[in-house]
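# Results of the structural survey
One letter stands for each residue in the lines below.
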Amino acid sequence: MNKKLNKFFLKFLKQTDKIYTHPSNEGYWSNLSKEENKDLIKLLEKHTTREAVSIKMPMIFDVIFSEKRSVGLELLNLSGKEVAIDLGCMWGAITIPLAKQVDYVVGVDQTIESLKFTEARLNEEGIKNVSFLNANLRDLVIPEKTFDIAIVNGVLEWLPEIEDVELGNYWYKRIKRKAHGNPRDIQLDFLKNVNQGLIDGGRLMLAIENRYDYKMFFGTRDPHTGTLFTTISPRWIANIISLIFRKREYRPWIYSFNGTKKLLMEAGYSDVTLHSCWPDYRHPEFITKYGEVNNYFSPTSSIRNGKRTIKGIIANRVEWLLFKVCNFQFFAPSMIIIAKK
Amino acid sequence: MKLITNSSHGNGIYTFINENDKLIIKSSSTKKGITSLKRELLGYKWYFNLENNKNYKSFFYKVFSNKKYYRLSVSLFKGEIGNSNLSLSDNYLLILNAIEHYVSIWPKKKNKFVALHGDFSVGNIIYNKQNVVIIDWEHFANNCAPWGFDLVNILYESAFFSMGLKNKLSDRNLKCFLLLRNKISEFLKDVPNFKCSLENLNDFIMKNEKIWGNIIVKLPVLKFTSKQKMYIKEIENI
């Protein structure tokens, strides 16, 4: 840890060997409910992290452990000397491969259980160059000009959700939720905060879904709320759909390629490089600089779960037409963006 | 930077192509992946040091690594990477050129085992008119296989992917198969105890599982069904 970071961490309460608590640590975001998460942590007393996940939640084993998840880091062409911050690091899918490549990583997450789990993973792998900060991203002030690299992977869209998120109780559920502040403003403030935390020439890697993912036009549900057509509708219509079917405002805003770029420019980033990815940013099989042709691309839809379904085959053909023949990347499923300060 | 494969067969290796700097970049942060990449570099070095390899002048590589991460960048050669989804007849010329390339460079040693590429397939060949470059040396091993093993592998792997619904090759594919097989058999004449047959190929792989490790279950040439095997035996006797 360098001097600047050391000074920063001194302000906080040390909770375990690697985890520090920020006063603004209130909040919760997890695929698991609070109780499931407690059970998982308990399992770690007797099992390795991989065993614990296989026992407790084999469904999301790949989300946590798949090597595919961190492929986007390669776009940064890291030199090994960087100090990085992984904002919303959760179970370490990016944090751990990142720590293997750079000098030091700070992982930030509001959910303490996720950090405890990731700490156990680090110990298993013998990785020492990581510290965690248990903090809420909306309230944390990132120390000025400290980091070479910032990672915001599948996090930006969730910032406007100010109440706790237990994904199982969020996705298809009709539950009222508190809401204040314009979602875009909240996201913009956060991106500005990240920007001031980067050194001059520092880079942000942002991974997020595309609002105009071609599947959204064919009745695939919103990846965040499970509603139909909410990403592609104007926000006020999305709000009405969400109020009817989910009893709450539509908050997890995502943007088009240009929309995301505009947001980043507004937040003060100077050089924004867009990349399209298929089938999504979590497990990309193909990545291409936005607009460029990738000769090696082949449709990814029908092979998703190893099963061939009629829906999958149609999606496969649509993908082939849109991206292989016409190269309309405007409709690509996800994006990974490298933005320079 | 274009991602073209992401941890295929769960090997933990990312493959990017950087067209601006003309590089193939492979990287990994898993133990398995790092071991494979180190092996790949050995393979490349062996291959480009061969006396008759015309391409050696334009080859260079760069490694960035620490204990837990490895990134290997090697030069990207002009040309197209073969498409293993195409049929045997569509890939006929490419395979023919690959065979000639192999024969012209691969050193023969009397009664001794030679180097092995281990995954010599259409998808691992860059071709540009007549010029052929072999890539993807993750399974490279030296002094461990009979000369020509890789040739037999590319033939049967292509045959596997060309098998029709009735577990047979179409007439066109069959014709190409026989032509290529005759050619390879001729080159194998002076290699003891190894012939151009599926049985020989499978036997050798099964006896030397170690070379392929976990990947062995994914090898196409081991995936022929018993019906297909019967058919292959039939056409081998034509």
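Residues numbered from 1 in each chain as written. Chains lettered and ligands numbered in written order. Predicted model: local features only at pLDDT ≥ 70, side-chain atom pairs only at ≥ 80, totals over all residues. Heavy atoms only, no water.

## Structural notes on the packing of aromatic side chains
According to the stated counting rule, one finds 41 aromatic pairs over all chains in the structure shown. For the pair W29 of chain A and W158 of chain A, a centre-to-centre distance of 5.1 Å together with 65° between the ring planes defines the contact as edge-to-face. Of this pair, W29 of chain A sits in strand 3 (residues 29-30) while W158 of chain A sits in the loop between strand 7 (147-153) and strand 8 (165-166), and the two are 129 residues apart along the sequence. Taking relative accessible area as the criterion, W29 of chain A reaches 15% and is therefore assigned buried. Overall, the relative accessible area of 10% leaves W158 of chain A in the buried class. Its guanidinium or amino end placed over the ring of Y170 of chain A, R248 of chain A lies 4.2 Å from that ring's centre, counting from NZ or CZ. In this structure, K108 of chain B packs its charged tip against the face of W147 of chain B, placed 4.3 Å from the ring centre. (Phe/Tyr/Trp six-rings, centres within 6.5 Å; stacked < 30°, edge-to-face > 60°. Helix = DSSP H or I, 4+ residues; strand = E, 2+ residues; numbered from the N terminus. Buried < 20%, exposed > 50% of the residue type's maximum accessible area, 1.4 Å probe, protein only. Lys NZ or Arg CZ within 6 Å of the ring centre and 35° of its normal.)

## A word on the interface of chain A and chain B
Taken together, the contact pairs 27 residues of chain A with 21 residues of chain B. When chain A packs against chain B, the two sides together hide about 2,100 Å² of surface, and 51% of this comes from carbon and sulfur. The largest share of the area that chain A buries against chain B comes from E74, K100 and Y296 of chain A, three residues that together contribute 33% of it. Inspection of the region where chain A meets chain B yields two salt bridges. For E292 of chain A, the salt bridge goes to K2 of chain B, with nearest N and O atoms at 3.9 Å. Among the secondary structure elements, those contributing two or more residues to the side of chain A that touches chain B are helix 5 (95-101) and strand 11 (286-289) of chain A. Per-element accounting of the side of chain A that touches chain B gives the leading share, four residues, to strand 11 of chain A. (Contact = heavy atoms within 4.5 Å. Buried area = accessible area lost by both parts, 1.4 Å probe. Salt bridge = Lys/Arg side-chain N within 4 Å of Asp/Glu carboxyl O.)

## As for helix 9 (residues 257-266) of chain A
Because an α-helix packs 3.6 residues into every turn, residues spaced three or four apart end up facing the same way. All names here are of chain A. For helix 9, the full list of buried residues reads F257, T260, L263 and L264. Taken end-on, helix 9 shows its buried residues confined to a sector of 130°, consistent with a single buried face. Buried residues in helix 9 make contact with helix 7 (183-197), strand 9 (198-209), strand 10 (271-278) and strand 12 (334-340). Where helix 9 terminates, the next one or two residues include G268, which has phi positive at roughly 105°. (Arc of directions from axis to C-beta.)

## A few points about the nonpolar core
Counting residues in hydrophobic clusters, the biggest one holds 77 residues, and the most contacted among them are Y47, W106, F149, Y156 and W212 of chain B. Counting residues in hydrophobic clusters, the runner-up holds 55 residues, among them A135, L159, W253 and M335 of chain A. (Core = buried A, V, L, I, M, F, W, Y, C linked by side-chain atoms within 4.5 Å.)

## Considerations on the confidence of the model for chain B
All names here are of chain B. Mean pLDDT over chain B stands at 91; residues scoring 70 or higher make up 100%. The secondary structure element of chain B with the lowest average pLDDT is strand 6 (residues 80-81), at 84, and the one with the highest is strand 5 (residues 69-75), at 96. Scoring of the predicted complex yields 0.90 for pTM and 0.91 for ipTM. (pLDDT = per-residue confidence, 0-100.)

## Section: the side chain of R71 of chain B
Mapped onto the elements of the fold, R71 of chain B is located in strand 5. Judged by relative accessible area, R71 of chain B falls into the buried class, the value being 7%. At a separation of 3.0 Å, a polar atom in the side chain of R71 of chain B contacts the side chain of N77 of chain A. Of the polar contacts made by the side chain of R71 of chain B, one reaches the backbone oxygen of L78 of chain A; its length is 3.0 Å. If near-sequence neighbours (up to four positions away) are discounted, R71 of chain B is found in contact with E74, N77, L78 and Q101 of chain A together with I25, K26, S27, K62, V63 and F64 of chain B. (Polar contact = N/O pair within 3.5 Å; in protein donor to acceptor, adjacent residues only side chain to side chain.)

## Things to note about the pattern of salt bridges
All names here are of chain A. This structure, assessed with the given rule, holds 20 salt bridges over all chains. Of the charged contacts, one joins K100 and E125 as a salt bridge, the two residues approaching to 3.0 Å between their closest N and O atoms. Pair noted here: K100 is in helix 5 and E125 is in helix 6 (residues 112-125), with a separation of 25 residues, a long-range link. A relative accessible area of 30% means that E125 is categorised as partly exposed. The shortest N-O distance in the salt bridge between E209 and R282 comes to 3.0 Å.

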